[in-house]
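Observations on the three-dimensional arrangement
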Amino acid sequence: MAAYQKKLEGFSGNIRVRMAPSPTGALHIGTARTTLFNWLFARSKGGTFILRIEDTDKERSRPEYEKNILDGLHWLGLDWDEGPDIGGEYGPYRQSERTQLYKEHIEKLLQDKKAYFCFCPKETLEAQKQDAESRGEVWRYPGTCRDLSESEIKQNQKDKKHSVIRIKMPNKKLSFKDIIKGESSFDLSLFGDIVIAKSTEEPLYNFAVVVDDHEMQISHIIRGEDHYSNTPKQMVIYEALGWQPPEFAHLPLILGQDKSKLSKRHGTTTSIDDYKNQGYLPEALINFIVLLGWHASGDREIFTINDLQQEFSLERVQKTGAVFNAEKLDWLNNNFLKQKPIQEIVEFLLPFFMREGINLGKFESTYVQKAILASMEKTKGVNEIIKMSEIFFRETEYEKELLIWKESTEEITKDKLEKSLDALRLFDEITFNKESYEQKLKEIYGEDKGSVLWPLRVALSGRKVSPGPLEIIEVKGVNSSTMCIEKAIAKLEK
RNA sequence: GGUCCCAUCGUCUAGCCUGGUCUAGGACAAUGCCCUUUCACGGCAUAAACACGGGUUCGAAUCCCGUUGGGACUACCA
């Protein structure tokens, strides 16, 4: 922490951070979180936030995933100052469009003899590796092609031998200071000469990132801890290119129930899209993911994205991975949902009702609002609200047995319903009010509230779980409620 | 296996840097009670942790060492 303070004080120049997702799948919750942390860091420090698409893997990258990622990020409320969709001074912002740039730098490394062509067949290397492992030894590239002569290289190329480009790994220890994790050192010789490109036009991740981060003048790299051991390799590339590396901050990972890195096999929803479709609010997701590895100094846990811009600091980021806890997300979601003004809630719920075959547009908007408000009093989450409020938007079927309260009988139930109906008829849409009607009902039920209120509930909702019967009448109105009760009585006559 | 990282309630965490105020605080979940026409919502309450072992110190959750445990990485993926 103290180290971090010092670092920031010592840091002069513009703060420029980036998020660099690869479009090989839909927006993942981990990607969203890393983006949030970068964004928050930039916004809280008056820096610039850049979005870059890492699509060097031609096999797996898809334009539709890129779109999904950008859309998802926007949905969460995150924006960027430079990116593939809006451009910027340091573009292009897709690695696939930066090939020429990588080529120049690879060629420079080749010229400087800091990198070299390797013609070793993959199979040979694979065999060596197998062999070493079977003896319990650690394999690393033996440097076979490290000192090939100019003419040997020419000949190999003429023979159209398959090649890759490796960087010469210095034989030394390298240490670096991570803003979150502190200092640690690595023995570079253990890595061997790593492959940095398949060809001068096909750079690999470790190389392309370095070139881009440097060219885009990134000041702080904030990324997942799974990149931690890539850092020394990348620093070697910075060094070979004669560049000053940026600051690093490695975020702890989001973990599954078994404490390993969260992935699909955990059965947890990982795609932001799916959360959206399941009725989660962006506010809830943001609040939830920021708490996975970060915490304010006090007890406060509810934050909007705006609050976070004030509160956030890298120094308070955890070193340990955080197990994903869906229950807390649900709680947060409910919290944010209930805080919203009713108009917004209705608007938000619209597509979910539609999915259930209910078109809210067909109802009067005050009716919809009243119905949803009444339903929300007893629910948690979108699905429950929809289920609960369904009774206001379409007829619900039920068995007549459901009408009968505890030890009661059909006759008694029918009698109570008829009396309740008569009492209800004393009112019209204007004069109805809960209190007066409840007075009348009291005369009917005497000591046994349930004997009247239960059949009424079922008659009005067709459910055993619903808003209170009086509340339902308030929403539905006297006429419609009267019809429901008549229907129930008819059921009992059969 | 090797390299590196990490270790407070079931989970997310406050506290750790700058040792005493910690009989370790909050939140989610759990349990109980209240509210109540059922289910729920809500309110209140309870239970629940410094991985272990050595040091250092008058004093350690906090500093040091070790053990154990967990994780990440170990691609011609990113």
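Per an unreviewed UniProt entry, chain A is named Glutamate--tRNA ligase, and its organism is Candidatus Brennerbacteria bacterium RIFOXYD1_FULL_41_16. Annotation of chain A in UniProt includes, under Subunit (unreviewed entry), the sentence "Monomer."

**Section: the UniProt feature "binding site: Zn(2+)" (unreviewed entry) in chain A**
In the numbering adopted here, UniProt assigns the feature "binding site: Zn(2+)" (unreviewed entry) to Cys118, Cys120, Cys145 and Asp147. Look at the named residues: they lie 30 residues apart in sequence, but the longest C-alpha span between them is just 13.0 Å, so in the fold they bunch up. Among the annotated residues just listed, those that line the second largest pocket are Cys118 and Cys120. Summarising the element assignment, Cys118 is placed in strand 3 (residues 115-118). Given the relative accessible area of 1%, Cys118 is considered buried. If sequence neighbours within four positions are ignored, Cys118 has contacts with Tyr141, Cys145, His162, Ser163, Val164 and Arg166. The topology assignment puts Asp147 in the loop between helix 5 (122-134) and helix 6 (150-158). By relative accessible area, which is 65% here, Asp147 ends up exposed.

**Thoughts on the packing of aromatic side chains**
Overall, the coordinates contain 20 aromatic pairs when judged by the stated rule. Judged by centre distance (5.0 Å) and plane angle (80 degrees), the ring pair of Phe288 and Phe324 falls under edge-to-face. Taken together, the residues Phe288 in helix 10 (residues 282-290) and Phe324 in the loop between strand 12 (322-323) and helix 12 (326-339) connect sequence positions 36 residues apart. Per residue, the accessibility class of Phe288 equals that of Phe324, and both read buried. Ring centres 5.9 Å apart and planes at 90 degrees place the aromatic pair Phe427 and Tyr437 in the edge-to-face group. With Phe427 in the loop between helix 16 (410-424) and helix 17 (434-445) and Tyr437 in helix 17, this residue pair connects regions lying ten residues apart in the sequence. Each member of the pair, Phe427 as well as Tyr437, is classed as buried. Joined through ring pairs, the aromatic side chains of Phe37, Trp294, Phe303 and Phe312 make up one cluster. Of note, Lys181 hangs over the ring of Tyr228, and the distance from its end group to the ring centre comes to 5.6 Å. Above the face of the Tyr398 ring, Lys491 is positioned so that its terminal group lies 4.5 Å from the ring centre.

Cut-offs used in this document
- Residues numbered from 1 in each chain as written.
- Chains lettered and ligands numbered in written order.
- Predicted model: local features only at pLDDT ≥ 70, side-chain atom pairs only at ≥ 80, totals over all residues.
- Heavy atoms only, no water.
- UniProt positions renumbered as here; feature names shortened; annotations may be inferred.
- 1 Å grid on protein atoms, 1.4 Å probe; cavity = no way out; pocket = protein on both sides within 12 Å on 5 of 7 lines; lining within 4 Å.
- Helix = DSSP H or I, 4+ residues; strand = E, 2+ residues; numbered from the N terminus.
- Buried < 20%, exposed > 50% of the residue type's maximum accessible area, 1.4 Å probe, protein only.
- Contact = heavy atoms within 4.5 Å.
- Phe/Tyr/Trp six-rings, centres within 6.5 Å; stacked < 30°, edge-to-face > 60°.
- Lys NZ or Arg CZ within 6 Å of the ring centre and 35° of its normal.

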